[in-house]
Amino acid sequence: ILVDFIRVLSLAKAPKTVKVQLLQTLSMLLQNIKREQSLFYLLSNNQVNKLIAMPLDFLDEEILAYYITLLKSLAMKLDNDTIKFFFIVHPEPYFPLYIEATKFFNHRDQMVRATVRTITLRVYPIMFEPMRAFVQRHAELSYFSQLALHLKDIWLRLNAAAVAGEDVAAVQHESDLQQDLLLYLSDVFELGMVELNKVLADRLLDCVMVPLLLLSLDANGSGQQQLAKAAPSERSGQRLEPRVALFLLRQVLDTFRCPVLVEPLAAALLHHKVPEYLLCAMPHDAPLQFHGAFARALAGADDAHALFAAGVVSAVAQNREAFSPEFLENARLFPPAVAGTRSLRPSPLIGEQNLDILFFLLAALRRLTQWRVETFQVLVLLISELFLDPLLSRNAECRGAALQMVRDAASAAAAQLRGLLQEQLQASAPGGLPSGGRQAEELLDIFMEEWHDRDAPAPRVSEVCTHAWRLLLPARVGAAQPRDIARRSARSFLLLRKLLMELLLCDQDAVDAVGSSGSEQQARKRRPSDSASDQEAALLQVSPELLGNLHEGMSLELGSLERFPCRIGRTSDGGERLLVQHGAWLMLARPQNVTPGRAVVTTLWPLQQVQPLLDRGDPRILHLGMQAIRAGKLPGDASEYSPPVPADATPGQRRSVFFMMSLSFKDVRSCHSADVQLQRGRREVRSQLLRQALDFIEGWQARAGSA
C-alpha cells in the first residue's frame, strides 16, 4: 500500500488535494492500527523511510501541516522494537524520521515546532546503540548548535523590543517564544541521557549563555570596551541590556535542573572566579569574574537590575538540589557547614567580605524610596525565603544580623508612614483640608487597602519576575506622585513588620531548639503582647455606637433623624428617596406611604468610603462616589464605575472597586446642605480612623524601640 502512495505523491502533476488526502489517510491509518503484526507489515521493506524522504512542496502550509502530522503519527509508534524499521544501518547509518523532522525546528508555525520537539523527545530515550550514536553525532555537529543559535536570535529580538520600549505585545511574544524553547530544552535534560546532556549543555554555554548572558553583565568591564570598538551593526548583535540578561538568567536558572548546565552559570555569578571550563567560550580579554557586576546590580540604584538579580538569587536558592554542596558553600549564600567562631573572623559573617549577597539584600531594605512597590515586595519575599531556611535560621550570627537590619528598615518605614499620617490628620481637621486636597487624603484609602490585604497569600518571587513587561519600566524610580508615595510607605511598613515578626518567631524557635541560656537568652525577643493584638484587631474599625445594627432592606423608624428628600433615576419605584445622616453610614431610604415616619433602607455604605461631589452644571445634583476595598455586593441604588487608569499605572496593579450614584434635590439649598452634612460626617469618621492608624504606628514604634 505504501508503494502506491509513494508513487502518487511523487507525481509532479498530482493535484494538491490528492496529496493532502493521501497524507491525511496515512496519518489516520497509523493512529488506528492496534495489532502489532499489522504495524510491522505496514512499516516493512523500507517503504516508510522512502515516504518520509519524499520531496514535497513544503512552502504550501497545508501540505506541510499534514506531512508533519504524519511524522508525529510515525514517531508515536517508535519504540525499541519498531526502531529497526526507521533507522538505516547499511550502507551508512541514517535516520530519515529524525533528520527530516529537525529541519523544521525553527519554523514560524508553532504547531510545526511543537511537533518537531515531540518527535525528538520520542527518539532520544530509544535504547538502540547504533541509533543513539548517530543521534549523538548529529546533535554535536548540527542540531544542538542550531537550537542554541535559534535561542540566541530570540533573545536578541527580545532585547531589541525591550530597548525600543514601545510595544508590550512584541516583548511578550518574544518572551513566550524563548520560554517555550527553554521548556523543551529542559525536557531534553530531564530525559537523563548523560552524554547527550553534556553535549547540549556545552552548546548552550558556548554559543549563547556565556557570550550573550554573562558578558552582557560586564557593563564597565573589558568585554564592553572591546564591544565599543566594534561597528554599530556589530554591537547590536553581541550584547544584551543588563536588565534583559538578568531577566533571562533568572528564567534559565528557574527552568533547568541539570547540574551540568546551571552550576557553571551560577558559579560565574556567585563565585569570585569564573570556572576554568567557561573561559574557552569568552574573549581573551574577558573578565575573570562576574560576581562584582552581579553584586552591583543588587547594591545599585537600578530598580530593574535589583528586581531580576533578586530573582536570580531566589532561583538558585529554590533550585539548590541541582547544585553540589561545594558549590553552595563557595557561593556564600549560606553560612559554612562548620562555622568558625566570631573571634577568629575579622569581619561580620553577613557583610561585604563574607556573605555579601545577603548583606546587599538586607541593606536594600533601607532604601525605601528607591524601589517600586513590587520590587520592594520581591526583596522582602526573598529575604523571608532565605532567612527562614534552616541553613540560615539556625545560625545565631545570621539571625542576629537579619533581625537588626530588618528592624532598622521597619523603623525607618514606620517613621515615614507616621509623618504622612500626621500630615493627613492635620489636613483633615475642620478647615484644614485645602481645596483640591484629594491627593493628600488618599493615604487613608491606600492604608485601608493594604491593611485588609496584609494576610493575603504573597506571590512567589518567580511569579513577579517572570512578567516580560517589567523590562519596559524605567530603570530608576523618578519623582513619585503622592499616591505612589502613600502606597509605597504603607506597603513597605506592613511588609517589613510582617517580616520582622516572622524572624522574631523563627529566632524564638531556634533559641528554644538549642536551649535558652547565656547570651542566647538575652537575644530572645518578646512575642506580640495581648494589648498589641487587641489594638490590631480593632484597627480601622469605626466605633460600634456609630454603626448600630443596620442592613439594607430593613424598615427603619426615622424619628428625629435628619433627612433630605431627593430622587434617584433608573428605579422601578419612582426613585423617591430620603438621604439620611445616620452615624457612620451613608443611608438612602424609601419612604413607606402606608406607615408614616418609617422608611425601607435601600442603600447602606460606610461613610468613610463615600466621596460627595456637586455637579458643576446643575447645583441641584449631588454625585456620590463609593469605594469598596474588596469586590462584593453592589450598593442598593448604585451602579458600577471604572475610573480612568493612570498612564503610569503598573499592569495588573491592585485597585479598589468603585460605584456611583447621582441624587437630585428640589432646590440648590437642600443639595448644598446634604453635601455639607456628608462632608462633615465623612471627615469625622476618617479622622477617627486616621487617629487609630497613627496610634497603631506609634505603639509599634514604642514596642520595637523597647524590644
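In this report, the structure presented in the accompanying data block is examined. None of the values given here were measured: they were computed from a predicted structure.

The helix and strand tally for the chain stands at 30 helices and nine strands. Scored against the burial criterion, the 707 residues of the chain give a buried share of 50%. When contacts within the chain are restricted to residue pairs at least 6 apart in sequence, long-range pairs at least 24 apart make up 71% of them. With the model as given, the accessible surface of the chain reaches about 33,000 Å², and the carbon-plus-sulfur share is 53%.

How two aromatic rings sit relative to each other is set out by the distance from centre to centre and by the angle between their planes. One pass over the full model with this rule turns up 21 aromatic pairs. Centroid distance Tyr143 to Phe144: 5.8 Å. Interplanar angle 40°. Geometry classified as tilted. In terms of burial, Tyr143 and Phe144 fall into one category: buried. Between Phe447 and Trp451, the aromatic rings sit 6.3 Å apart at their centres with planes inclined by 20°, giving stacked as the arrangement. With Phe447 and Trp451 both in helix H24 (residues 438–452) and four residues apart, the pair spans about one turn of that helix. By the ring-pair criterion, three or more aromatic residues cluster together here, those being Phe87, Tyr94, Phe95, Tyr98, Phe105, Tyr124, Phe128, Phe134, Tyr143 and Phe144. In this arrangement the basic side chain of Lys84 is found over the ring face of Phe40, its NZ or CZ atom lying 5.2 Å from the centre. Across the ring face of Trp451, the terminal group of Arg454 is positioned such that the distance to the ring centre comes to 3.8 Å.

Before going further, it helps to examine helix H8 (residues 110–123). If you check H8, its first and last C-alpha atoms are 20 Å apart, about what 14 residues at 1.5 Å a residue would give, namely 20 Å. Among all positions of H8, only Val112, Arg113, Thr115, Val116, Arg117, Ile119, Thr120 and Val123 are buried. On its buried side, H8 packs onto helix H5 (61–75), helix H7 (96–102), helix H9 (129–164) and helix H10 (168–190).

With that settled, consider the packing of helix H18 (residues 303–318) against helix H21 (residues 373–387). At their nearest, the axes of H18 and H21 sit 10 Å apart, and the two run at 25° to each other. Of the possible angle classes, the one that applies to H18 and H21 is roughly parallel. Once H18 is placed against H21, the crossing between them reads as left-handed. Facing Asp303, Leu307, Ala310, Val313, Ser314, Ala317 and Gln318 of H18, the residues of H21 in contact are Thr375, Val378, Leu379, Leu382, Glu385 and Leu386.

Attention now moves to the environment of Leu694. You can see Leu694 is positioned in helix H30 (residues 668–706). Accessibility expressed as a relative area gives 2% for Leu694, which makes it buried. Along the chain, Leu694 and Ala414 lie 280 residues apart, while their C-alpha atoms are 10.0 Å from each other. With near-sequence residues (within four places) excluded, Leu694 lies in contact with Arg418, Leu421, Gln422 and Leu425.

What follows is about the environment of Tyr184. Inspection of the secondary structure assignment puts Tyr184 in helix H10. Among the residues examined, Tyr184 registers a relative accessible area of 4% and is labelled buried. In sequence terms Tyr184 and Arg117 are 67 residues apart; their C-alpha atoms lie 7.0 Å from each other. For Tyr184, the contacting residues outside a window of four places in its chain are Arg117, Thr120, Leu121, Tyr124, Tyr143 and Leu147.

As a further point, take the nonpolar core. Counting 200 residues, the largest nonpolar core has Phe95, Met209, Leu365 and Phe387 as the members making the most contacts within it. With 15 residues, H9 is the single largest residue contributor to this core. The residues touching Phe95, leaving out its near neighbours within four places in the chain, are Leu78, Ile83, Phe86, Phe87, Val123, Met131, Phe134 and Val135. Leu607, Ala628, Cys671 and Leu678 belong to the second largest nonpolar core, which has 21 residues in total.

About the cut-offs
- Residues numbered from 1 in each chain as written.
- Predicted model: local features only at pLDDT ≥ 70, side-chain atom pairs only at ≥ 80, totals over all residues.
- Heavy atoms only, no water.
- Helix = DSSP H or I, 4+ residues; strand = E, 2+ residues; numbered from the N terminus.
- Buried < 20%, exposed > 50% of the residue type's maximum accessible area, 1.4 Å probe, protein only.
- Contact = heavy atoms within 4.5 Å.
- Areas by Shrake-Rupley, 256 points an atom, 1.4 Å probe, with all protein chains shown as cover.
- Phe/Tyr/Trp six-rings, centres within 6.5 Å; stacked < 30°, edge-to-face > 60°.
- Lys NZ or Arg CZ within 6 Å of the ring centre and 35° of its normal.
- Expected span 1.5 Å × (residues − 1).
- Axes fitted to C-alpha atoms, helices over the stretch in contact; angles between N-to-C directions.
- Parallel < 35°, antiparallel > 145°, perpendicular 65-115°, else oblique.
- Left-handed = near helix turned anticlockwise from the far one by under 90°.
- Core = buried A, V, L, I, M, F, W, Y, C linked by side-chain atoms within 4.5 Å.

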